[in-house]
Amino acid sequence: MNWDAFKNHDGTYYVHREYNKPMPDAELGQEAPQNRKKFRKLRTVSGDELMKKTVKPARFVVNGLLPRGLNIVAGKRKEGKSWLMLDLCFSVAEGEKFLDHDTEQGTVLYLDLEDPESRLIQRARGIRDVIPSRFHEATKAGRLGGGLTEQIEDFVKEHPDTNLVVIDTLQKIRKPKGDTYAGDYAVISALKNLADRLDIAIVCIHHTRKMKAKDTFDSVLGSTGLTAAADGIYVLERKADGKPFGRLSFISRDLPDGDLPVRFDHDTCRWYPIASIDMERELLLADEAMSALVSFMKQELIYEGTATDLCERLGLNIGANNLSSKLSKYKNSLQKLGVDYTKEKRNNHKVFTLNYNRKEPEYDGTMKSAYTPEVMKKPGEEPFVGISENGLHRIA
């Protein structure tokens, strides 16, 4: 090699390759050609070729709500996730509507890995008088990497019309390792590959964190590897503990982001979609102070005074500050019920001015929503839900 030596001002030397001489592979950090390993050449597709390809549209098990692929349904413990998923399974097995969305009928496999079979039977009988014949369940299954994939493949082979597999819960099929991004991503990727290969929807029931997150989908328990690899994430949240109202929020690769207001009916053990205005009304009227206020304003029409005086007029022992907070919290809902208010400071006192500015039909607590028979009924078709004083009920 042709090197030149140069002397630094401090007496040391450095060497410099003659200008424009090629540098050996070893000096570039590369192996010599004879030592390089064989590699698989990239298979590329040009833009012109891509334009000529035909792409099949996404297939849905629940039209407009649940596409095929790997999906996660998460929520707090005892939130009603299992009731929701059991109803999903029965609806798909019968080809009936689920949350007012059409379903693609098919065989369903429900892996109930947390509860004994007796509890599943009790739940099933709470929802249906007859369990659909296309519904199959198992209370034991292998883990990922321990036979689960082969078990699901074998089931689909025996039942070619299978389009839905529900796993309750995700934690039961994972290997007992720490939650890391790489580990979570690998688990969900394996299930996604299985769902894509079999062309079915796999739904994994999972939990959310105890602490609230600013973003609903950040509340899913585990690392972001879970949500990154899944095709769709659904989070079921109740508006308040013990209350029947909730919201099913979802993001999906095949759907626009969405929020579906829902209500759990304890008589039918099912979740039903409701209009947002109905949920706001019932949540407001379920609050004793706000219910009393609405009734008061319908009679008085106009009120002006302090929060302390208003508490006395309403017969409430919640304190002026508490009532003021509730007025602020329910301001939009009160407006929808015809009650407007403003507040201003006068002589070091906060004075509220309330007006009831329109007459609305009396709200008796029944469900008036997009899920009523009048809306659902199609020509020549009988609705399968009805309205009662307690809410929505299935018509036998």
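Heads up: these notes are all about the structure in this document. All values derive from a computational prediction rather than experimental measurement. (Residues numbered from 1 in each chain as written. Predicted model: local features only at pLDDT ≥ 70, side-chain atom pairs only at ≥ 80, totals over all residues. Heavy atoms only, no water.)

Examined bridge by bridge, strand β15 (residues 339-346) and strand β16 (residues 349-356) share eight bridges and lie antiparallel to one another. Residue pairing in the sheet places V339 in a bridge with Y356 of β16. (Pairing = 2+ DSSP bridges. Helix = DSSP H or I, 4+ residues; strand = E, 2+ residues; numbered from the N terminus.)

All right, on to unusual backbone geometry then. Omega for the peptide link from D168 to T169 comes to 15°, which places this bond in the cis form. Mapped onto the elements, T169 comes out in the loop between β8 (162-168) and α5 (181-198). With phi around 60°, K78 is a residue other than glycine that occupies positive phi space. Along the polypeptide, K78 turns up in the loop between β5 (69-75) and α2 (81-94). Positioned with a positive phi, L99 is a non-glycine residue whose angle comes to about 50°. Along the chain, L99 turns up in the loop between α2 and β6 (107-112).

To continue, consider the packing of aromatic side chains. All told, the structure shown has eight aromatic pairs when counted by the stated rule. Relative to F135, the ring of F90 has its centre 4.9 Å away and its plane inclined at 75°; by these criteria the two rings are edge-to-face. Of this pair, F90 sits in helix α2 while F135 sits in strand β7 (residues 135-138), and the two are 45 residues apart along the sequence. Grouping residues by exposure puts F90 and F135 together as buried. (Phe/Tyr/Trp six-rings, centres within 6.5 Å; stacked < 30°, edge-to-face > 60°. Buried < 20%, exposed > 50% of the residue type's maximum accessible area, 1.4 Å probe, protein only.)

Two pairing modes exist for strands in a sheet, parallel and antiparallel, and in both the strands are linked by backbone hydrogen bonds. One open sheet holds the three strands; their spatial order is β14-β16-β15, and the pairing between them is antiparallel. On the outer flanks of this sheet lie β14 (302-305) and β15, each paired with one strand and no other. Across the sheet, the mean angle from the axis of one strand to that of its neighbour is 10°, orientation sign disregarded. Where helix α8 (residues 288-300) meets the sheet, its contacts fall on β14, β15 and β16, and the angle it forms with β16 comes to roughly 70°. (Axes fitted to C-alpha atoms, helices over the stretch in contact; angles between N-to-C directions. Contact = heavy atoms within 4.5 Å.)

Moving on, we get to the pattern of salt bridges. All chains considered together, the criterion is met by 19 salt bridges. Among the ionic pairs, D115 bridges to R123, the shortest N-O distance being 3.3 Å. In this structure, D115 and R123 share a single accessibility class: buried. A salt bridge links R174 to D184, with the nearest nitrogen and oxygen atoms 2.5 Å apart. (Salt bridge = Lys/Arg side-chain N within 4 Å of Asp/Glu carboxyl O.)

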